[in-house]
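Results of the structural survey
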Amino acid sequence: MPALILLSSYLLGSLVSGVLYSRARGADIRERDLPGGSGTYRQYGAAAAALVTGGDILKGVLAALIARQFAPDLGWLAVLGVVLGHCYPVFFRFRGGAGIAPLLGALAVLAPLTLLALLGTAALVIPAYRAWGQRRVGLNAVPFAAAVAVPVGLLVAARYGGLPELLAGGAAMAARSVHLLLRPAGPA
């Protein structure tokens, strides 16, 4: 059962909405940007970004629901698979996005309190940081908010559930981030 959960989640994750959307429009977003919501927003606008982000969140939800139905103790494996699939999609030469949206979708099903803590903390920190700290520190608001929200999320996950899922998804995203720092995405 673990292999089926991991494989099905990975294959779901490999359906990268940004690549599918851009190819439907006659291009490949990866020639100019990463295929997640932010890259899609920069290349195609808000409506396209909402569609792509929704699709990527949905695959996280589906992977989590599959795990919950067939192997409830293996939710972390579903999260790992769907995020890895999004980051390294087998259908698109292993060049995908950063994994945020599928992680959010999976956490919505498997660890909603942890997700709420992460999003709530980020929603409080980002506007405050932009107003008072961004000019002085010079760091973009999202990494700063993540530096604050992730420890809060870990504490909530340890107390109320979702720690293995958050760690599995976070590990896959961390690996992708290191990979992108060492070898930035370029033309396909």
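A brief structural summary. The shown structure was predicted, so the numbers you read here are calculated from the model rather than taken from an experiment.

The next subject is the overall build of the chain. In terms of helices and strands, the chain carries 10 helices and zero strands. Each helix and strand of the chain, ordered N terminal to C terminal, gives the series α-α-α-α-α-α-α-α-α-α. The C-alpha atoms of the chain give 16 Å as radius of gyration, which agrees with the globular expectation for 188 residues (16 Å, within 12%). Projected onto its principal axes, the C-alpha coordinates of the chain cover approximately 50 × 45 × 30 Å. In the chain, which comprises 188 residues, the share counted as buried stands at 43%. For the chain, the proportion of contacts with a sequence separation of at least 24, taken over those separated by at least 6, is 64%. When the accessible surface of the chain is summed, it comes to about 9800 Å², and 70% of that surface belongs to carbon and sulfur atoms. Put simply, the chain has 15 plus and 6 minus side-chain charges, and the middle of one group is 8 Å from the middle of the other.

As a further point, take the nonpolar core. The biggest cluster of nonpolar side chains holds 26 residues, and the ones touching the most others in it are I5, V79, V83, L103 and L107. Elements represented by at least two residues in this core include exactly α1 (2-13), α4 (46-70), α5 (75-87), α6 (100-110), α7 (112-132), α9 (141-160) and α10 (163-182). Examining the composition of this core, we find that six residues originate from one element, α5, more than from any other. Ignoring sequence-local partners within four residues, the contact set of V83 consists of G99, L103, G169, A172 and M173.

Further remarks concern unusual backbone geometry. Positive phi, close to 55°, is recorded for R93, a residue that is not glycine. Within the fold, R93 resides in the loop between α5 and α6. Overall, the relative accessible area of 56% leaves R93 in the exposed class. Notably, F94 is not glycine yet its phi reads approximately 60°, a positive angle. Along the chain, the position of F94 falls in the loop between α5 and α6. By relative accessible area, which is 46% here, F94 ends up partly exposed.

This paragraph deals with the layout of surface pockets. Quantified by volume, the largest pocket comes out at close to 1400 Å³. A98, I100, V142, A146 and M173 are the residues nearest the centre of the largest pocket, which is lined by 40 residues in total. Mapped by element, the contributors of at least two residues to the lining of the largest pocket are α3 (37-44), α4, α6, α7, α9 and α10. When residues of the lining of the largest pocket are assigned to their parent elements, the largest contribution, eight residues, is made by α10. For the lining of the largest pocket, the class distribution of residues is 26 nonpolar, 10 polar and four charged.

Glancing now at the packing of α5 against α6. Relative orientation of the contacting elements α5 and α6 amounts to 165°, with a least axis distance of 9 Å. Comparing their axes, α6 and α5 come out roughly antiparallel. Considering how the two elements wind past one another, α5 and α6 form a crossing that is right-handed. Facing G75, V79, V82, V83 and H86 of α5, the residues of α6 in contact are P102, L103, A106 and L110.

It is worth spelling out the pattern of salt bridges at this point. Where side chains of opposite charge bring their charged atoms close, a pairing between them can arise. For the structure shown, the criterion picks out four salt bridges. With its nearest N and O atoms 2.8 Å apart, the salt bridge here joins D33 to R42. Two residues, K59 and D56, come together in a salt bridge whose shortest N-O distance is 3.2 Å. A residue pair is termed a helical-turn pair when its members lie 3 or 4 positions apart in one helix, as K59 and D56 do in helix α4 at three residues. The pair formed by K59 and D56 is uniform in burial state, with each residue classed as buried.

Analysis parameters
- Residues numbered from 1 in each chain as written.
- Predicted model: local features only at pLDDT ≥ 70, side-chain atom pairs only at ≥ 80, totals over all residues.
- Heavy atoms only, no water.
- Helix = DSSP H or I, 4+ residues; strand = E, 2+ residues; numbered from the N terminus.
- Rg over C-alpha atoms; globule rule 2.2 N^0.38 Å.
- Buried < 20%, exposed > 50% of the residue type's maximum accessible area, 1.4 Å probe, protein only.
- Contact = heavy atoms within 4.5 Å.
- Areas by Shrake-Rupley, 256 points an atom, 1.4 Å probe, with all protein chains shown as cover.
- Lys, Arg positive; Asp, Glu negative; His and termini not counted.
- Charge placed at Lys NZ, Arg CZ, Asp CG, Glu CD.
- Core = buried A, V, L, I, M, F, W, Y, C linked by side-chain atoms within 4.5 Å.
- 1 Å grid on protein atoms, 1.4 Å probe; cavity = no way out; pocket = protein on both sides within 12 Å on 5 of 7 lines; lining within 4 Å.
- Points joined across faces, edges and corners; volume = space filled by probe spheres on them.
- Nonpolar A, V, L, I, M, F, W, Y, C, P; charged D, E, K, R; others polar.
- Axes fitted to C-alpha atoms, helices over the stretch in contact; angles between N-to-C directions.
- Parallel < 35°, antiparallel > 145°, perpendicular 65-115°, else oblique.
- Left-handed = near helix turned anticlockwise from the far one by under 90°.
- Salt bridge = Lys/Arg side-chain N within 4 Å of Asp/Glu carboxyl O.

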